[in-house]
Amino acid sequence: MNSIQILPSIVSDKIAAGEVAERPSAVVKELVENSVDAGADHITVEIKKGGIEYIRVEDNGCGIPPEQAEIAFLRHATSKLRNIDELYEIHTMGFRGEALASICAVAEVELITKTKGADEGLYLRMQHAKPTEKQSMPCGDGTTMIVKNLFSNVPARMKFLKKDSTEAGYVADLLGRIALSRPDIAFKYICDDKEIFSTNGDGNLKNAVLRIYGLDHARAVIEVDYTEENIHVKGVVGKPELARGNRTRQTLFVNGRYVKNHVAAKVVEEAYRNSIMVGRFPFFVLDIRLAPELVDVNVHPAKTEVKFANEKQIYDVCYHAVRNAIYSNDETQNEKTEKPSSNAGHRLNRAVFEPREAENTVRTTPGIVKEYMKNTIPTGRSEVLGGVKKSSFLAENKEDNIFDSFENKGVKSDFALYGEPQNGGAAQIKMEQPCDDGDDGEKSFSIVGQVFDTYVLYRSGDELFMIDQHAAHERFRFESLKKSYSNREKFSQMLMSPAVLSLGFAEKQTVKDNLTEFRNLGFELDDFGGTSIIVHGAPIVADEKEIHDLVLELAEAMHERRKHPVADFEERALDMIACKYAIKANKKLTYEEMRDLIKKTDAMEKDGIKTCPHGRPIKISFSKKDIEKMFKRRI
Ligand code: ADP
Ligand code: MG
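Quick caveat: nothing in here was measured; it's all calculated off a predicted structure.

Parameters at a glance
- One numbering rule holds for all chains: residues counted from 1, following each sequence as written.
- As a convention, the first chain written is A and the first ligand written is 1, with the rest following in written order.
- Only residues with pLDDT of at least 70 are given local features in this predicted model, and only at 80 or more are side-chain atom pairs given and counted; all residues enter the totals for whole chains, interfaces and linings.
- Each side-chain value is derived from all of the structure's non-hydrogen atoms; neither hydrogens nor water enter the calculation.
- Only DSSP runs of H or I covering at least 4 residues are called helices, and only runs of E covering at least 2 are called strands; the numbering of each starts at the N terminus.
- The rule is simple: take the accessible area with a 1.4 Å probe, protein chains only, and divide by the maximum for that residue type; under 20% is buried, over 50% is exposed, in between is partly exposed.
- Note on contacts: a residue pair qualifies if any of its non-hydrogen atoms lie within 4.5 Å across the two residues.
- All accessible-area figures derive from a Shrake-Rupley calculation using a 1.4 Å probe, and residue coverage is judged against the displayed protein chains alone.
- Every angle, taken between N-to-C directions, lies between 0 and 180 degrees, and every axis is a line fitted to C-alpha atoms, over only the stretch in contact when it is a helix.
- Just so you know how the angles are binned, under 35 degrees is roughly parallel, over 145 roughly antiparallel, 65 to 115 roughly perpendicular, and the rest oblique.
- Only Asp, Glu, Lys and Arg are considered charged, only Ala, Val, Leu, Ile, Met, Phe, Trp, Tyr, Cys and Pro nonpolar, and every remaining residue, Gly among them, polar.
- Any two strands between which DSSP finds at least two bridges are classified as paired.
- How far a helix is expected to stretch is found by multiplying one less than its residue total by 1.5 Å.
- The salt bridge definition used is simple: a Lys or Arg side-chain nitrogen within 4 Å of an Asp or Glu carboxyl oxygen.
- A residue's pLDDT is the confidence the predictor assigns to it, expressed on a 0 to 100 scale.
- Within this analysis, patches are made of residues with over 30% relative accessible area and no salt bridge. Like charges are joined at 9 Å or less; nonpolar side chains (Val, Leu, Ile, Met, Phe, Trp, Tyr) at 5 Å or less.
- For the purpose of counting charges, residues Lys and Arg are taken to be positive, whereas Asp and Glu are taken to be negative. His and the chain ends are not included.
- Taken as the charge location is NZ of Lys, CZ of Arg, CG of Asp or CD of Glu.
- Centres within 6.5 Å make a pair out of two Phe, Tyr or Trp rings, where for Trp the six-membered ring is used; the pair is then stacked when the planes are under 30 degrees apart, edge-to-face when over 60, and tilted otherwise.
- Whether a charge sits over a ring depends on NZ of Lys or CZ of Arg being within 6 Å of the ring centre and within 35 degrees of the ring normal.
- Side-chain atoms within 4.5 Å are what join buried Ala, Val, Leu, Ile, Met, Phe, Trp, Tyr and Cys residues into a set we call a nonpolar core.
- In this scheme, a crossing is called left-handed if the near helix is turned counterclockwise away from the far one by less than a right angle; it is called right-handed if the turn is clockwise.

*Asks:* Account for the overall build of the protein chain, naming residues and giving values.
*Replies:* Within the protein chain, the secondary structure is distributed over 20 helices and 23 strands. Buried positions account for 51% of the 635 residues belonging to the protein chain. Across the protein chain, contacts joining residues at least 24 apart in sequence account for 68% of those joining residues at least 6 apart. Total accessible area on the protein chain stands at roughly 30300 Å², and carbon and sulfur atoms take up 52% of it.

Listed below in structure tokens is the structure:
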């Protein structure tokens, strides 16, 4: 074995650099945190080629005095920590004095800096931890750090990097979160010469949410501002409709620092219990502020994990903060009595937070559930959204004529055969309507009617059948989309007036990265600047909101696919489209529509298709015998 030696600093620096600067986004994080600590209110981040070739972080902060510039690059050089006691009372972002040393061990770094009031600034060039150029230079107040050719001297690290666009995405994600943590700072992110997003630094978190996640998020967030026992929880939480299939839109800060804490995320999710479907996760941006000595941010070198001194109490306060916010919002919307002051530590439910076992604790807010139902359970969309928007879309689909009538006919025509609906969703079984057109070899059947606005009842021979209208139509649409897709037929529908959709920057990036795929799926869309895209054609005839939802769902699925490749991705995507286009539950059907649906179901059955794309049955049957047995006419 080799003898034990102290590692030369060049080696140990590289090892440490692996912890602090493991990829471009980690370098950006350190540099931006330094800018924040320097009191900047304008920070620009620019990267090229995923940040591997070039990173620039420019701020208008306090600057570094010329005589200290080189010291800043030494290991454990920090202006933020003087002794061990201070380690537990960190108020600033950085404190280990490691970042600059680590970065310059694995890259070339240029520093341009000027303190306020100084006549001239300084230019310093560090190449692999050694100063190679230093001179005074005229420049504005603040600091610019330029990091070039990251890991060019550590080829092993390079191997762990993903492709440029993925690394750029990590930088965007990180910077987005930092921008959310400091709405008072104007951030700008430029990638390969294009501005990806910018925030205006007006101190309003909702405005930062708007710039980063788009208008639909900014409109559907509820403010949280709650203090109890010296723990202050502040930020925004999304209404249930912003829930997504993953947790990428959950942002948690502790004393302004972005952290990962699964327990806290669970606690927030717990506050939404019963208002968001299982497998969906709420949107939130929350900052937990508490005495710095109660939190240990020093457990992880990159400082994204935290430990709390009094976990249970903190989680308890978080839970109530979120619950109060959701409740209060609901009450304001319903114009009920006084809204409880959300920051008075007043709890709507005094029960201390208990983890999930306490199944029977009632934590539902009827109003939220109602709203959730409105937004997620399929209902007759045309009723909810009105026919105005819809009429701006061309509804032309020859192959599926009857079902266009679901989209085009007003609600009124649906009542034509059955008269006005009685007491909402009550059963409306009408006289059996014979439909004995057994001409083209089809089995004859007679329609009994529709129940609960969701199931079609009909009789054929000695059997009574019940069809789930959404399941049946979704499967039908899915099959025909699949056929068009595999025959490379164009199934895009041109919209009469194009829809401009405001997305989050991450979604927009995903759409841009998967443009061909979107086109193959029947979308005709283009970049519309900022975080928007313009849609000229879509695979379905739908209103703007549905197209918006569909684009987001597809983008989310495409994003997810990068992590877990799915073999039958196209099928999944087509199913998402089919699901949006299919007639919904809670939708009255005309006699013609029912007849058509029954025929389609029969045809699918002949091809052995008996379930919706998710495996739920399309049709169930009762034989006359079964019914007689139920009535004890037969034993
Ligand atoms: P830390 O942030 O943990 O102190 P760093 O290696 O990141 O360690 O930075 C070392 C020191 O360099 C900081 O303590 C600070 O004094 C100075 N510094 C770094 N970046 C900036 C900046 N953008 N503006 C002003 N000072 C800076
Ligand atoms: Mg630092």
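Alright, that's what it looks like, and here's the rest.
*Asks:* Please provide a residue-by-residue account of the packing of helix α15 (residues 505-513) against helix α17 (residues 544-563), values included.
*Replies:* Orientation of α15 relative to α17, taken along the N-to-C sense of each, is 75°, at an axis distance of 9 Å. The pairing of α15 with α17 is recorded here as roughly perpendicular in orientation. Note on element contacts: α17 touches α15 through Val-551, Leu-552, Ala-555, Met-558, His-559 and Arg-562, opposite Glu-507, Thr-510, Val-511 and Asp-513. By residue class, the composition of the contact of α15 with α17 is five nonpolar, two polar and three charged.

*Asks:* Give me the lowdown on the sheet that holds strand β20 (residues 493-502), citing residues and values where you can.
*Replies:* Read across the open sheet, the three strands follow the order β20-β22-β21; overall the sheet is antiparallel. Looking along the sheet, the strands with just one partner apiece sit at the ends: β20 and β21 (524-527). Neighbour-to-neighbour, the strand axes of the sheet open up by a mean angle of 15°, direction not taken into account. Pairing of β21 with strand β22 (residues 532-538), which is carried by four bridges, proceeds in the antiparallel orientation. When the sheet's bridge partners are listed, Asp-526 is paired in β22 with Ile-534.

*Asks:* Please provide a residue-by-residue account of the sheet that holds strand β3 (residues 108-114), values included.
*Replies:* The strand order across the open sheet formed by eight strands is β5-β4-β3-β6-β2-β1-β7-β8, and the pairing between neighbours is mixed. Bordering the open sheet on either side are β5 (130-137) and β8 (194-198), each of which pairs with just one other strand. Taking each pair of neighbouring strands and ignoring which way they run, the sheet shows an average axis angle of 15°. Note: strand β1 (residues 42-48) against strand β2 (residues 54-59), six bridges, orientation antiparallel. The residue bridging Ile-47 from the neighbouring strand is Ile-55, located in β2. Along the sheet, helix α5 (residues 164-181) contacts β1, β7 (186-191) and β8; its crossing angle with β7, the most-contacted strand, is approximately 175°.

*Asks:* Give a detailed account of helix α18 (residues 569-581), specifying residues and quantitative values.
*Replies:* Given a rise of 1.5 Å per residue, 13 residues ought to cover 18 Å, and the 19 Å separating the end C-alpha atoms of α18 matches this to within 8%. Within α18 the residues assigned to the buried category are Phe-569, Ala-573, Leu-574, Asp-575, Met-576, Ile-577, Ala-578, Lys-580 and Tyr-581.

*Asks:* Provide a residue-level description of the pattern of salt bridges, including the pertinent values.
*Replies:* Enumeration according to the criterion identifies 33 salt bridges in this entry. For Arg-56, the salt bridge is made with Glu-58, and the minimal N-O distance between the two is 2.3 Å. Judged by its relative accessible area of 34%, Glu-58 falls in the partly exposed class. Between Arg-595 and Glu-592 there is a salt bridge, and its shortest N-O distance comes to 4.0 Å. With Arg-595 and Glu-592 both in helix α19 (residues 591-606) and three residues apart, the pair spans about one turn of that helix. Classification of Glu-592 as partly exposed rests on a relative accessible area of 36%. A network of salt bridges, in which partner residues are shared, links Arg-244, Arg-249, Glu-507 and Glu-556.

*Asks:* I'd love a proper account of the confidence of the model for the protein chain, names of residues and values included.
*Replies:* Mean pLDDT over the protein chain works out to 78, with 74% of the residues at or above the 70 mark. Scored below 50 in pLDDT, residues 335-344 shows 18 contacts in the model against residues more than four places distant or in partner chains. Under a pLDDT of 50 for its full length, residues 349-431 has, in the predicted model, 161 contacts with residues more than four places off or in other chains.

*Asks:* Quick rundown of the environment of Ala-218? Include the residues and the values.
*Replies:* Tracing the backbone shows Ala-218 in helix α7 (residues 215-219). Taking relative accessible area as the criterion, Ala-218 reaches 14% and is therefore assigned buried. When the C-alpha positions of Ala-218 and Ala-208 are compared, they lie 8.5 Å apart, and in sequence the two are ten residues distant. With sequence-adjacent residues up to four places away left out, Ala-218 is seen in contact with Lys-206, Val-209 and Leu-210.

*Asks:* Quick one: what's the story with a negative patch on the surface, residue by residue and with numbers?
*Replies:* There is a patch of like negative charges on the surface, built from Glu-53, Asp-164, Asp-192 and Asp-193. Here Glu-53 lies in the loop between β1 and β2. Assessed through its relative accessible area of 39%, Glu-53 is described here as partly exposed.

*Asks:* Explain the packing of aromatic side chains residue by residue, including any values.
*Replies:* For the structure on display, the rule yields nine aromatic pairs. Ring centres of Tyr-213 and Phe-283 lie 5.1 Å apart, and the angle between their planes is 85°; on these two criteria the pair is classed as edge-to-face. Highlighted residues: Tyr-213 in helix α6 (residues 205-213) and Phe-283 in the loop between α8 (262-271) and β13 (284-289), separated in sequence by 70 residues. According to the relative accessible area criterion, Phe-283 is buried, its value standing at 1%. Arranged with centres 5.4 Å apart and planes meeting at 70°, the rings of Phe-518 and Phe-523 form a pair that is edge-to-face. Just as Phe-518 is buried, Phe-523 falls in that class too. In this arrangement the basic side chain of Arg-561 is found over the ring face of Phe-569, its NZ or CZ atom lying 4.1 Å from the centre. Seen from the ring of Phe-465, Lys-619 lies directly overhead, with NZ or CZ sitting 4.2 Å from the centre.

*Asks:* Break down the nonpolar core for me, with residues and values.
*Replies:* If you look at the biggest cluster of nonpolar residues, it comprises 61 residues, and the most contacted ones within it are Val-32 and Tyr-189. Top contributing element to this core by residue count: α5, with eight residues. Sequence-distant contacts of Tyr-189, that is, excluding residues within four places in its chain, are made with Val-45, Ile-47, Ala-168, Val-171, Ala-172, Leu-175, Lys-194, Glu-195, Ile-196 and Phe-197.

*Asks:* Account for the environment of Gly-449, naming residues and giving values.
*Replies:* Inspection of the secondary structure assignment puts Gly-449 in strand β17 (residues 445-451). Residue classification places Gly-449 among the buried residues on the basis of a relative accessible area of 3%. As for Gly-449 and Tyr-591, which are separated by 142 residues in sequence, their C-alpha atoms are 8.0 Å apart.

*Asks:* I'd like to hear about the packing of helix α14 (residues 469-486) against α19, residue by residue, with values.
*Replies:* Across the interface, α14 lies against α19 with an axial gap of 10 Å and an inter-helix angle of 60°. One finds that α14 runs oblique with respect to α19. Once α14 is placed against α19, the crossing between them reads as left-handed. Of the residues in α19, those in contact with Gln-469, Ala-472, His-473, Arg-475 and Phe-476 of α14 are Leu-597, Lys-600, Thr-601 and Met-604.

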